[in-house]
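Observations on chain architecture
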Amino acid sequence: MVDRSALGATGAPFVLDVENGKLREFAAATFGTVSADGTAPPTFLTTAFHWQHADSDPWEQVRMDPARGLHAEQEFVFHGAPPKAGDRLIGTSRIADIYDKQRRSGGTLTFVVMVTEFRDESGRLVAESTLTGVETE
Amino acid sequence: MIPTPPAPLVVGPLTRTDLVRYQGASGDMQPVHHDEPFARSAGYDKPLSLGMLHAGLLGTWSAQWLGADAVRRFKVRFAERAFPGDTLTCTGSIVEERRTEVDVELTCTTQAGAVVASAWATFALEEPT
């Protein structure tokens, strides 16, 4: 059962270094290759899993039931070119929305939206990653 | 001038190794994607493939087409499930072309035609001269 008090919860900032070896590993795992200029593949920021833990990950406060929860949607927005090998990003995640939808078949779906902002070391917003999870009743 | 799309990216039959390699690369170590007894206890016959792997395949195909450095927005919606043994085909087409950007729609389907992921992406285009 989703804990609605998690709405607005914000994690501590975390570092994500865009590393060459990690780019190659991710590209191989998604049946691609790293471009010559070391640009991260479109979904690479999902590797925040490696960098984000307890106090930087407010998703843990949502307490979505793993047996009834699903990853419904994922969006990445880039403000200019995506990050490249050698870039250091600072990520901050927040629980941006929690809302219900009634199913036509009856029952309620609870959607939870977590937005992670990635800034460079000068503070410029580089990218946002939006995760939407859904829990069935 | 938008390049001609590459041939569809066909991946499969998916193996457990493919799932584990993606899990290690992404850092998502959910056991339902590699631990057979755990997957069975969750009601699946086999480990479940990862939505974000399917998203990643769509990212690979679209970046090969329009350039990794040109992506500005990439939104994926997860639909049907996929399992080891399935063969996935990733392809897409142009939805709308503007002066400096193009919107594309991407789909990842199984050999049975089930859509496992749909994506909508925007790529920057070189300024027309």
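Not measured: the values here are computed from a predicted model.

Overview of the interface of chain B and chain A
Contact residues are listed per partner, giving 30 residues for chain B and 27 residues for chain A. Mapped by element, the contributors of at least two residues to the side of chain B that touches chain A are β1 (9-11), α1 (16-26), α3 (51-66) and β2 (71-78) of chain B. If you tally residues by element for the side of chain B that touches chain A, the top one is α3(B), at eleven residues. Per-class residue counts for the side of chain B that touches chain A are 15 nonpolar, eight polar and seven charged. In terms of strand pairing, strand β2 (residues 69-78) of chain A meets β2(B) through five bridges, oriented antiparallel. Looking across to β2(B), one finds that Gln74(A) is bridged to Val76(B).

Observations concerning the sheet that holds β2(B)
With antiparallel pairing, ten strands are arranged side by side in an open sheet as β1(A)-β3(A)-β4(A)-β5(A)-β2(A)-β2(B)-β5(B)-β4(B)-β3(B)-β1(B). Of all strands in the sheet, those bounded by a partner on one side alone are β1 (14-17) of chain A together with β1 of chain B. Ignoring which end each strand starts from, the neighbouring axes of this sheet average 25° apart. Summarising the sheet, strand β3 (residues 88-102) of chain A and strand β4 (residues 108-119) of chain A pair through twelve bridges and their orientation is antiparallel. For Ile98(A), the partnering residue across the bridge sits in β4(A) and is Val112(A). Against the sheet, α3(B) contacts β2 of chain A together with β1, β2, β3 (88-97), β4 (101-109) and β5 (115-124) of chain B, and its axis sits at roughly 35° relative to β5(B).

What about the confidence of the model for chain B?
Detail in the predicted coordinates should be disregarded across regions flagged by low pLDDT. Averaged over all residues, the pLDDT of chain B is 96; the fraction at 70 or higher stands at 98%. For this predicted complex, the interface score ipTM comes out at 0.96, while the overall pTM is 0.96.

Observations regarding the packing of helix α1 (residues 20-29) of chain A against α1(B)
Contact geometry for α1(A) and α1(B): axes closest at 9 Å, N-to-C directions at 150°. Of the possible angle classes, the one that applies to α1(A) and α1(B) is roughly antiparallel. Considering only the axes of α1(A) and α1(B), their crossing is left-handed. Contacts between α1(A) and α1(B) involve Glu25(A), Phe26(A) and Ala29(A) from the former and Arg21(B), Tyr22(B) and Ala25(B) from the latter. Tallied by class, residues from the contact of α1(A) with α1(B) come to four nonpolar, no polar and two charged.

Structural notes on the environment of Gly56(B)
Looking at the secondary structure, you find Gly56(B) in helix α3. Sequence separation between Gly56(B) and Gly67(B) is eleven residues; the distance between their C-alpha atoms is 14 Å.

Some details on the pairing of β4(A)
All names here are of chain A. Hairpin connection of β3 to β4: five residues between the antiparallel strands, including Gly106 at a positive phi of 95°. With eleven bridges connecting them, β4 and strand β5 (residues 125-136) associate as antiparallel partners. Residue pairing across strands places Val112 opposite Gly133, the latter belonging to β5. Taking the residues that link successive antiparallel strands as the turn, the β4-β5 hairpin has five residues, and the phi of Gly123 there is positive, at about 95°.

What about α1(A)?
Every α-helix carries 3.6 residues per turn, so stepping three or four residues along brings you back to the same face. Buried within α1(A) are the following residues: Leu23(A), Phe26(A), Ala27(A) and Ala29(A). For α1(A), the angular spread of buried residues about the axis comes to 165°, placing them on one side. In α1(A), the exposed residues that point more than 90 degrees away from the buried face are Asn20(A) and Gly21(A). Along its buried surface, α1(A) packs onto α1 of chain B.

What to know about unusual backbone geometry
Peptide bonds are mostly trans, and most non-glycine residues show a negative phi. Of note, the bond from Gly12(B) into Pro13(B) is cis; its omega dihedral lies within 30 degrees of zero at -5°. With respect to the secondary-structure elements, Pro13(B) resides in the loop between β1 and α1. Although it is not a glycine, Phe31(A) adopts a positive phi angle of roughly 60°. On the secondary structure map, Phe31(A) appears in the loop between α1 and β2. The class for Phe31(A) is partly exposed, based on 18 C-beta atoms found within 10 Å.

Cut-offs applied
Residues numbered from 1 in each chain as written. Chains lettered and ligands numbered in written order. Predicted model: local features only at pLDDT ≥ 70, side-chain atom pairs only at ≥ 80, totals over all residues. Contact = placed C-beta atoms within 7 Å. Helix = DSSP H or I, 4+ residues; strand = E, 2+ residues; numbered from the N terminus. Nonpolar A, V, L, I, M, F, W, Y, C, P; charged D, E, K, R; others polar. Pairing = 2+ DSSP bridges. Axes fitted to C-alpha atoms, helices over the stretch in contact; angles between N-to-C directions. pLDDT = per-residue confidence, 0-100. Parallel < 35°, antiparallel > 145°, perpendicular 65-115°, else oblique. Left-handed = near helix turned anticlockwise from the far one by under 90°. Buried ≥ 20, exposed ≤ 12 C-beta atoms within 10 Å, placed from the backbone. Arc of directions from axis to C-beta.

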